[in-house]
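# Topology and contacts: notes
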Amino acid sequence: MSRSTLAAALMFSAATCSAAILAAPVAAAAPPEEARLAGCEFGTAAATYDYARFDDHVRTMLELSTGEFRAEFENFRGNIQASAQASHLRAQADSADCRVVSGDDNRAVVDVDVTRTVTSDETDGLPQTGRMAMTVTVDNVDGRWLVSKVVSR
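Worth saying up front: this structure is predicted, and the values here are computed from it rather than measured.

### Points about the packing of helix H3 (residues 54-63) against helix H4 (residues 67-86)
Orientation of H3 relative to H4, taken along the N-to-C sense of each, is 165°, at an axis distance of 11 Å. The orientation of H3 relative to H4 falls into the category roughly antiparallel. Relative to H4, H3 is oriented so that their crossing is right-handed. Taking contact as the criterion, the partners of Phe54, Asp55, His57, Val58, Met61 and Leu62 in H3 are, on H4, Phe69, Arg70, Phe73, Glu74, Arg77, Ile80, Gln81 and Ala84. Taken together, the residues that form the contact of H3 with H4 break down as eight nonpolar, two polar and four charged.

### As for the sheet that holds strand E5 (residues 144-152)
The strand order E1-E2-E3-E4-E5 describes an open sheet built from five strands, whose pairing is antiparallel. Whereas interior strands pair on both sides, the edge strands pair on one side only; in this sheet they are strand E1 (49-50) and E5. Pairing of E1 with strand E2 (residues 90-103), which is carried by two bridges, proceeds in the antiparallel orientation. Bridging from a neighbouring strand, Tyr49 pairs with Ala91 of E2.

### Some points on the environment of Glu34
On the secondary structure map, Glu34 appears in helix H2 (residues 33-46). Overall, the relative accessible area of 47% leaves Glu34 in the partly exposed class.

### Comments concerning the state of the cysteines
Evaluated as defined, the whole model comprises one disulfide. There is a disulfide in this structure between Cys40 and Cys98, and the S-S distance comes to 1.9 Å. Between Cys40 and Cys98 the disulfide shows an S-S torsion of about 105°. By sign, it is right-handed. Here Cys40 is found in helix H2, whereas its partner Cys98 is found in strand E2, with 58 residues between them in sequence.

### Here we look at the confidence of the model for the protein chain
Confidence in the prediction of the protein chain, expressed as mean pLDDT, is 87, and 81% of residues score 70 or more. Across residues 3-26 the pLDDT falls below 50, and counting only partners more than four positions away or on other chains, this stretch makes one contact in the model.

### A word on unusual backbone geometry
Although it is not a glycine, His88 sits at a positive phi angle of roughly 55°. Tracing the sequence through the fold places His88 in the loop between H4 and E2. Positive phi values are uncommon outside glycine, yet Asp124 reaches one of about 55°. On the secondary structure map, Asp124 appears in the loop between strand E3 (107-119) and strand E4 (128-141).

### Brief notes about the nonpolar core
Membership of the largest hydrophobic core comes to 32 residues, with the highest contact counts inside it found for Phe42, Met61, Val112, Met134, Val136 and Val138. Of all elements in the fold, only H2, H3, H4, E2, E3, E4 and E5 reach the threshold of two or more residues within this core. For this core, the element with the highest residue contribution is H2, accounting for six residues. Those residues in contact with Met134 that lie beyond four places of it in its chain are Phe42, Gly43, Ala46, Val110, Asp111, Val112, Val150, Val151, Ser152 and Arg153.

### A few points about the side chain of His57
Structurally, His57 is set in helix H3. Within the structure, His57 has its side chain in polar contact with the backbone oxygen of Ala45 (distance 3.4 Å). The residues touching His57, leaving out its near neighbours within four places in the chain, are Ala45, Ala46, Thr48, Tyr49 and Phe73.

Cut-offs applied
Residues numbered from 1 in each chain as written. Predicted model: local features only at pLDDT ≥ 70, side-chain atom pairs only at ≥ 80, totals over all residues. Heavy atoms only, no water. Axes fitted to C-alpha atoms, helices over the stretch in contact; angles between N-to-C directions. Helix = DSSP H or I, 4+ residues; strand = E, 2+ residues; numbered from the N terminus. Parallel < 35°, antiparallel > 145°, perpendicular 65-115°, else oblique. Left-handed = near helix turned anticlockwise from the far one by under 90°. Contact = heavy atoms within 4.5 Å. Nonpolar A, V, L, I, M, F, W, Y, C, P; charged D, E, K, R; others polar. Pairing = 2+ DSSP bridges. Buried < 20%, exposed > 50% of the residue type's maximum accessible area, 1.4 Å probe, protein only. Disulfide = S-S within 2.5 Å. pLDDT = per-residue confidence, 0-100. Core = buried A, V, L, I, M, F, W, Y, C linked by side-chain atoms within 4.5 Å. Polar contact = N/O pair within 3.5 Å; in protein donor to acceptor, adjacent residues only side chain to side chain.

Rendered as C-alpha cells:
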C-alpha cells in the first residue's frame, strides 16, 4: 500500500469513527450523589421537630425546599405548628435510607425512608419508633439541590 493510499485509508477510518460517535445516542447523565444526599437531608429534617422550637423546623424546611412543596408548606405551617403544640409533639430522625429512582443533572426523584422516634401527649410522653416513607423530587437550583415535591408512600 502506498503512503498516499495508507494516509487516505486512515483519514477515511478516522472520519467513519467520528461519524459513528456523533451519531450514537447519548445516554442521559445519572443524577449526581448530591441529589440523593439532598433527599436524605430533607427527609431527616422533615422527621425532626420540637413543638417548643417549631420556628427552627420551619426555617430548615424552607432552606431545603423550593417550588410547589415550599408554597404548600408555607400555606399549612400554621396548622402543622398548632397541631404539634397542642399535642406537645417532638420527633427525632434516627436513620434515613435514600435511593435515587430516576433523574439527571437538573432533577431527580428520590425514595426516602426515615425511622424516627416520636413523643407526644398521645404516646403519654413515652418514645415510640415509627417510619416515614416518601418520594421527593429534588431540583438543581443554581447548583443547590432543593425539594420541590413530596409524595407520601
